[in-house]
Structure formats: structure tokens, C-alpha cells
Amino acid sequence: MLDAGRTDETLLEVNNIEVIYNHVILVLKGVSLSVPKGGITALLGGNGAGKTTTLKAVSNLLHSERGEVTKGSIHYRGDRIQELDPAALVKRGVIQVMEGRHCFEHLTVEENLLTGAYTRADGSANIARDLEMVYDYFPRLKERRKSQAGYTSGGEQQMVAMGRALMSRPETILLDEPSMGLAPQLVEQIFEIVKSINEKEGVSFLLAEQNTNVALKYAHYGYILESGRVVMDGPAAELRENPDVKEFYLGMSDDGRKSFRDVRSYRRRKRWLS
Ligand SMILES: Nc1ncnc2c1ncn2[C@@H]1O[C@H](COP(=O)(O)OP(=O)(O)OP(=O)(O)O)[C@@H](O)[C@H]1O
Ligand SMILES: [Mg+2]
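Calculation notes
Residues numbered from 1 in each chain as written. Chains lettered and ligands numbered in written order. Predicted model: local features only at pLDDT ≥ 70, side-chain atom pairs only at ≥ 80, totals over all residues. Heavy atoms only, no water. Near = heavy atom within 4 Å. Polar contact = N/O pair within 3.5 Å; in protein donor to acceptor, adjacent residues only side chain to side chain. Areas by Shrake-Rupley, 256 points an atom, 1.4 Å probe, with all protein chains shown as cover. Helix = DSSP H or I, 4+ residues; strand = E, 2+ residues; numbered from the N terminus. Pairing = 2+ DSSP bridges. Contact = heavy atoms within 4.5 Å. Axes fitted to C-alpha atoms, helices over the stretch in contact; angles between N-to-C directions. Buried < 20%, exposed > 50% of the residue type's maximum accessible area, 1.4 Å probe, protein only. Right-handed = clockwise from strand over helix to strand, strands pointing away. Salt bridge = Lys/Arg side-chain N within 4 Å of Asp/Glu carboxyl O. Donors = N, O, S within 2.8 Å, 3.2 Å for Na, K, Ca; no water.

A. Spotlight on the site of ligand 1. Taken together, 15 residues lie near ligand 1, and Asn47, Lys51, Thr52, Thr53 and Glu99 sit nearest. The contact in question runs from an oxygen atom of ligand 1 to an N or O atom on the backbone of Gly50, over 2.9 Å. At 2.7 Å from an oxygen atom of ligand 1 is found a side-chain nitrogen or oxygen belonging to Thr52. Coverage of ligand 1 by the protein amounts to 69% of the 640 Å² it exposes when considered alone. With 3 residues, helix H1 (residues 51-58) is the largest single contributor of residues to the shell around ligand 1.

B. Looking closely at the sheet that holds strand E4 (residues 67-76). Here we have 4 strands laid out as an open sheet, ordered E2-E1-E4-E5, and antiparallel in their pairing. Bordering the open sheet on either side are strand E2 (25-36) and strand E5 (79-80), each of which pairs with just one other strand. Here E4 pairs with E5 via 2 bridges, running antiparallel. Across the sheet, the residue bridging to His75 is Arg80, located in E5. The sheet contacts of H1 involve strand E1 (10-21), E2 and E4, and relative to E1 the element is tilted by about 115 degrees.

C. Representation of the pairing of strand E8 (residues 204-209) in the model. Counting buried positions along E8 gives 6 out of 6 residues, so the element sits mostly inside the fold. Neither face of E8 is open: one carries Ser204, Leu206 and Ala208, the other Phe205, Leu207 and Glu209, and all of them are buried. Two strands pair when backbone bridges link them, and strand E3 (residues 40-44) and E8 are joined in this way by 5 bridges, in the parallel orientation. Residue Ala42 lies in a different strand from E8, and its bridge partner there is Leu207. In this region the chain leaves strand E7 (residues 172-176), passes through helix H7 (residues 184-201) and returns to the parallel neighbour E8; the handedness of that crossover is right-handed.

D. Molecular detail of the pattern of salt bridges. Considering all chains together, one arrives at 18 salt bridges under this definition. One salt bridge connects Glu65 with Lys56, and the closest N-O pair in it is separated by 2.6 Å. With a relative accessible area of 37%, Glu65 lands in the partly exposed category. Of the residues examined, Lys56 reaches a relative accessible area of 13% and is grouped as buried. Its salt-bridge partner being Arg144, residue Glu156 comes within 3.0 Å of it at the nearest N-O pair. Separated by 12 residues along the polypeptide, Glu156 in helix H6 (residues 154-166) and Arg144 in the loop between helix H5 (139-143) and H6 bring together distant segments of the chain. Given a relative accessible area of 5%, Glu156 falls into the buried group. Judged by relative accessible area, which is 21%, Arg144 ranks as partly exposed. Counted as one network, the salt bridges with shared partners bring together Arg120, Asp122, Asp130, Arg169 and Glu201.

E. Representation of the coordination of the magnesium ion (ligand 2) within the structure. Protein ligation of the magnesium ion (ligand 2) involves Thr52 (OG1) and Glu99 (OE), the donor distances falling in the range 1.9 to 2.4 Å. Of the two residues, Thr52 sits in helix H1 while Glu99 sits in the loop between strand E6 (94-97) and helix H3 (109-115), which places them 47 residues apart along the sequence. Owing to a relative accessible area of 30%, Glu99 belongs among the partly exposed residues under this scheme.

Written out as C-alpha cells, the structure reads:
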């Protein structure tokens with residue numbers, strides 16, 4: 001049984017990709033995943049696991065980092081997309097929200113949002129309507145719409161980055177580390193908005209997160225990456241109950257989440273899943 005809103009139609013299919021930086025640094029060692037239409041798919045893993053690299057491989061943003069997909073394939077709706085530039089990908093409905101937000105600091109919040117509509121040719125009335133849709137999801141941005149983006153808070157900038165992506169009317173959003181640097185309450189708020197965008201607009205998400213706890217609460221399906229390999233995947237509800245995931249990523253100790261360092265050194269001893 002699928003959750004409400006999800007279908008069994010596959011949008012994105014990443015098949016066994018390898019990514020190399022600077023011709024020598026092998027970072028992804030055969031990563032495969034798929035993103036169904038209407039789902040929230042989480043890409044989990046610690047620092048340096050390869051989450052951002054995977055998203056950038058999909059949206060063809062590796063060249064500027066001297067990175068290259070050297071093996072495997074990436075398809076969207078059955079079409080090979082590896083040679084498409086990011087703008088062409090946006091036209092097909094796939095947009096990335098980068099890690100660290102990346103607003104245009106000197107533009108206002110509203111001007112930032114409008115830059116998200118630059119590939120659209122369906123007229124200013126539709127764009128104005130979607131701006132109101134973004135403000136419905138992010139009332140805070142409406143209040144701050146005339147503020148210079150560079151002077152807004154981290155949470156507001158995350159909202160601007162997500163709102164700008166929505167302005168392209170995407171089918172799929174690749175969302176990189178939305179929780180980064182935000183207070184727990186704000187993280188929940190951002191994920192609640194992701195959930196309602198998913199449910200009401202039918203937007204599919206592939207979201208990269210170190211915060212396994214919150215990601216598995218909102219995602220339908222998850223992949224866990226370690227050192228450039230998928231070490232486990234499954235429905236989010238199953239991953240949440242998996243003993244290894246609980247121990248290593250959810251930190252089920254009495255005082256809440258274990259620090260990553262504890263988990264890491266323990267993992268070295270146990271060498272799980274190897
Ligand atoms: N431009 C680059 N050149 C060389 N190595 C890189 C480059 N970008 C990333 N790496 C390396 O690739 C590995 C994966 O990095 P990546 O940023 O994809 O991880 P991540 O899972 O997104 O981590 P984080 O949670 O810290 O954002 C790391 O070892 C990193 O040092
Ligand atoms: Mg990253």
C-alpha cells in the first residue's frame with residue numbers, strides 16, 4: 001500500500017553512478033536510487049557521505065567543482081539527463097535548493113522569489129498567483145518581502161531558497177540539508193512546510209539530510225549513504241525501527257541523540273554492514 005498522494009510512477013532513476021573529483025578522488029562508488037512521483041525520499045548519512053555530490057550529479061552541477069560522473073546513468077521520466085544544464089532541467093521540472101541557501105543578498109525577499117520564475121513563459125498573472133501561493137506556505141516571507149535578503153535570518157533564507165524553487169513550478173525539488181544551522185523548532189516548521197507542499201502541490205522531494213531523526217519522520221522512503229555507497233534503504237517507517245539505524249543515527253539513548261563522534265568511534269569498532 002502506498003501512502004496517500006504517492007504513485008508507483010518513477011520520476012528520477014539514478015543507476016550505479018560513480019563520481020570522481022579532480023580526476024582522482026573517487027567519492028561516489030556506485031550509488032543507485034529512485035524517486036517516485038509524489039513521494040518524499042530522504043538521502044541520509046553523516047558528514048562527507050556523498051549526499052550533496054549525489055544531488056549535484058543529478059542536477060549537473062559537478063563541473064564547476066571539477067567533479068564528473070564517470071560511470072552509471074541518471075534518468076528523469078525515462079530520459080537520460082546527464083548532459084542537460086541546470087536551466088534545461090528546470091524546464092523539465094527538476095530544481096535544486098542548494099545547501100547553505102544561497103540567496104541573492106542584495107535583492108529583496110520578493111525579488112529573490114521572482115528570480116525563481118525566470119524560465120517560465122506562462123505570463124505575469126500566473127507568476128503573481130504563484131507568488132501568493134509561496135506566501136501562503138511561508139507567511140513570514142510575506143511580512144519580510146521588502147527586506148534585503150542578506151539581512152534576514154537563517155530560517156528565513158532557507159524559506160526564500162525553497163520559495164524561489166517553488167516559483168519555477170517544479171515537479172521535483174532536490175533539497176540539500178534544509179535543517180542546517182537551524183534551531184530544532186524551526187527545523188520542524190520547515191519540514192512541515194515540505195510535507196504540505198508535497199501533499200497539496202504534489203511536488204516530489206529528494207532531500208539530503210544529516211538529521212536522520214527529522215528526515216525519517218517526514219519522508220516516505222530513505223537511503224543511507226556511507227562513504228559514497230548506499231548501505232541501507234527502505235520505507236522510512238522500517239528504517240525508523242531498524243536497530244542499526246536507531247543506534248547509529250537516531251541515538252536512542254536516554255539523553256536523546258548521541259553525538260556523531262560517539263557513534264563513529266563505535267562504528268569503527270563494530271564495522272557494521274561491512
Ligand atoms: N569539490 C570537491 N573536490 C574534492 N572533493 C570533494 C569536493 N566536494 C566534496 N568532496 C568530497 O567528497 C565527499 C562527499 O562530500 P559531500 O559534500 O557530497 O558529502 P555530504 O554527504 O553532502 O556531507 P555534508 O553532510 O557534510 O554536507 C567528501 O569526502 C568531500 O570531502
Ligand atoms: Mg552536503
